[in-house]
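# Report on the structure
One-letter residues, chain by chain:
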Amino acid sequence: MPTEFARLMLAWYAQHARELPWRGVSDPYAVWVSEIMLQQTRVETVIPYFQRWMQRFPTVQALAAVDEQDVLQTWEGLGYYSRARNLHQAASEVITRFEGHLPTTRAELESLPGIGRYTAGAIASMAFGQDEPALDGNLRRVLARVFNLTMPLRTPTGQQALELILEEHLPHGQAGDFNQAMMDLGATRCTPRAPGCVQCPVAAVCQANQLGVQEARPVAEERRKVPHYTVTAAVIQRDGQVLIAQRPAAGLLGGMWEFPGGKQEPEETLLACLEREILEELGVRVAVGEQVGVFRHAYTHFKVTLHAFYCTLRGEEPRAIEASGLRWVLPSELAGFPMGKIDRQISLHLSTNVKI
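Residues numbered from 1 in each chain as written. Predicted model: local features only at pLDDT ≥ 70, side-chain atom pairs only at ≥ 80, totals over all residues. Heavy atoms only, no water.

## Side note on the overall build of the protein
Inclusion rule: Secondary structure elements are defined from DSSP: runs of H or I of at least 4 residues count as helices, runs of E of at least 2 residues count as strands, and each element is numbered from the N terminus. Here the term buried applies to any residue with accessible area under 20% of the maximum for its type, exposed to any over 50%, and partly exposed to those in between, with areas from a 1.4 Å probe on protein chains only. Residue burial considers only the protein chains on display, and all accessible areas are found by Shrake-Rupley using a 1.4 Å probe.
In terms of helices and strands, the protein carries 14 helices and 7 strands. For the protein, the spread of C-alpha atoms along the three principal axes comes to 75 × 50 × 35 Å. Counting all 356 residues of the protein, 50% fall into the buried class. Here the protein has roughly 17,400 Å² of accessible surface; of this, 50% comes from carbon and sulfur atoms.

The structure is reproduced here in structure tokens:
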């Protein structure tokens, strides 16, 4: 028999569940793709990417059969590109290890690249009806308010408290709906700021609401200062083409293409920074010309201001010292190479302001 909290959540979800393209489908692959895309990304952003992805790679077999560059280009703009690489790698493992069928148990799901404890619980409960919790940010916030948790949730004590609550309230045979109900409640009512307690289906059992401390829950963790980096990049020109470099597979934006360059060091001018970076990355010296533009982007843990300059080689042939590969391409061809947002800004600028 569900607890009162679970009963209220399930009743509300039955009437108010959001209509999402990955809900109401019998394909575990679609649930898997949606959950990977939803990691650290809002539903509104994910929907068009999910729809485009499923048109391009409708099955796990279709995904496993394509090149990683196709995968990265389809994912471009969604960020956290390791998610796309892990999806691609995991698809191959599903083919070879599980005969093309996504495994049904939490343990087997967690053995696949890119699937951690939360994602495994979400897939197991939503796609396979398993009695598994799925603790995402929305669930954590809802539970912290309903049960008035007074400790930071990311601590061992906070994690233990959440797990004990779910152990008590997870309804047998309905974990998928229960998890999705709390996701929807956290996204539409129990929001981080100004929660809509008047319209909340569990307001009567919410301890934080009764005490008037709902906006103080979850307990805030100490925020770290977000670092800012000044970066330079070279648009190296030759015979009507520009040089792009492919980032190593491991690390930030792995496998994506970029205009070579790097971070400015203390007391270093932009010109000196660019010359040093190109020498370190490509083993060549360049003549730095006029500025292409200044481009800005905020990543999750840091911010970047990038200064791009037109450059020409001083005679040597560039080598892929720190890159996986180099390509000379026409500005009109840049759209065919997957890039991070800041390099895409440069490429779009070049396509409309070509100076070769």
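That was the structure; now back to the text.
## Thoughts on the pairing of strand 6 (residues 303-313)
Note the cut-off: When DSSP finds two or more bridges between a pair of strands, those strands are recorded as paired.
In terms of burial, strand 6 is a largely internal element, 9 of the 11 residues being buried. With 9 bridges connecting them, strand 1 (residues 228-238) and strand 6 associate as parallel partners. Considered in strand 6, the bridge of V235 is made with Y310. By the bridge criterion, 10 bridges tie strand 5 (residues 286-298) to strand 6 in an arrangement that is antiparallel. The residue bridging R296 from the neighbouring strand is T305, located in strand 6. Connecting strand 5 to the antiparallel partner strand 6 that follows it, the hairpin turn spans 4 residues.

## What to know about the pattern of salt bridges
Condition: Here a salt bridge means any side-chain nitrogen of Lys or Arg lying within 4 Å of a carboxyl oxygen belonging to Asp or Glu.
On inspection of all chains with the given rule, the structure shows 16 salt bridges. In this structure, the salt-bridge partner of R106 is E110, at a minimum N-O distance of 3.4 Å. With R106 and E110 both in helix 7 (residues 106-110) and 4 residues apart, the pair spans about one turn of that helix. Across the pair E280 and R276 runs a salt bridge, and its minimum N-O distance is 3.4 Å. Separated by 4 residues within a single helix, E280 and R276 lie in helix 13 (residues 270-282), roughly one turn from each other. Assessed through its relative accessible area of 36%, E280 is described here as partly exposed. For R276, a relative accessible area of 17% gives the class buried. One continuous salt-bridge network, built from bridges that share partners, spans E265, E268, R276, E277 and E280.

## Observations regarding the nonpolar core
As a reminder of what qualifies: Residues belong to one nonpolar core when they are buried, are Ala, Val, Leu, Ile, Met, Phe, Trp, Tyr or Cys, and are joined through side-chain atoms within 4.5 Å. Only heavy atoms matter for contacts: two residues are in contact if any of them lie within 4.5 Å across the pair.
The biggest cluster of nonpolar side chains holds 38 residues, and the ones touching the most others in it are Y29, W32, M37, W53 and W75. If you list the elements that add at least two residues to this core, you get helix 2 (28-37), helix 3 (43-56), helix 4 (60-65), helix 5 (68-75), helix 6 (82-97) and helix 8 (117-128). Ignoring anything within four residues of it in the chain, the contact list for M37 reads V46, Y49, F50, W53, W75, L78 and R83. Residues L135, I165, C190 and V202 belong to the second largest nonpolar core, which totals 37 residues.

## Observations regarding helix 10 (residues 156-169)
Note the following rule: Every helix has an expected span of 1.5 Å times one less than the residues it contains. What the arc covers is the set of directions going from the helix axis to the C-beta atoms.
End to end, helix 10 covers 20 Å across 14 residues, agreeing with the expected 20 Å (1.5 Å per residue, within 8%). For helix 10, the complete set of buried residues consists of G158, A161, L162, I165, L166 and H169. Mapping the buried residues of helix 10 onto a view down its axis gives an arc of 130 degrees, with all of them on the same face. Exposed and oriented more than 90 degrees from the buried face of helix 10 are P156, Q160, L164, E167 and E168. On its buried face, helix 10 is in contact with helix 1 (4-16), helix 9 (137-146) and helix 11 (175-188).

## Quick notes on the packing of helix 5 against helix 6
Heads up, the condition is: Helix axes are fitted to C-alpha atoms over the stretch in contact, other axes to C-alpha atoms as well, and angles between N-to-C directions run from 0 to 180 degrees. Any angle that is under 35 degrees is reported as roughly parallel, and any over 145 degrees as roughly antiparallel; angles of 65 to 115 degrees are reported as roughly perpendicular and all others as oblique. Left-handed describes a crossing whose near helix is turned anticlockwise from the far helix through less than a right angle; right-handed describes the clockwise counterpart. Amino acids are sorted into nonpolar (Ala, Val, Leu, Ile, Met, Phe, Trp, Tyr, Cys and Pro), charged (Asp, Glu, Lys and Arg) and polar (every other residue, Gly among them).
Contact geometry of helix 5 with helix 6 gives a least axis separation of 9 Å together with a crossing angle of 135 degrees. Classed by the angle they form, the pair helix 5 and helix 6 counts as oblique. At the point where helix 5 passes helix 6, the crossing takes the right-handed sense. Two secondary-structure elements touch here, helix 5 through E68, V71, L72 and W75 and helix 6 through R83, A84, R85, L87 and H88. Across the contact of helix 5 with helix 6, the residue classes break down as 5 nonpolar, 1 polar and 3 charged.

## Concerning the packing of aromatic side chains
Put simply, the test is: Paired rings are identified among Phe, Tyr and Trp, the last through its six-membered ring, by centres lying within 6.5 Å, and are further divided according to the angle between planes into stacked (under 30 degrees), edge-to-face (over 60) and tilted (the rest).
Applying the stated rule across the entire model yields 9 aromatic pairs. Each ring, one from F5 and one from F147, has its centre 5.4 Å from the other, and the planes form 85 degrees; the classification is edge-to-face. Of this pair, F5 sits in helix 1 while F147 sits in the loop between helix 9 and helix 10, and the two are 142 residues apart along the sequence. Since its relative accessible area comes to 5%, F5 is described here as buried. Residues Y299 and F302 carry aromatic rings whose centres are separated by 4.7 Å and whose planes lie at 25 degrees to one another, so their mutual orientation is stacked.

## Side note on the packing of helix 8 against helix 11
Direction vectors running N to C along helix 8 and helix 11 enclose 125 degrees, while the axes themselves pass 7 Å from each other. Considered as vectors, helix 8 and helix 11 are oriented oblique to each other. Seen along the crossing, helix 8 lies across helix 11 with a hand that is left-handed. On the side of helix 8, the interface is formed by Y118, S125 and M126, while helix 11 contributes A175, G176, N179, Q180 and M183. Among the residues making up the contact of helix 8 with helix 11, the classes are represented as 4 nonpolar, 4 polar and no charged.

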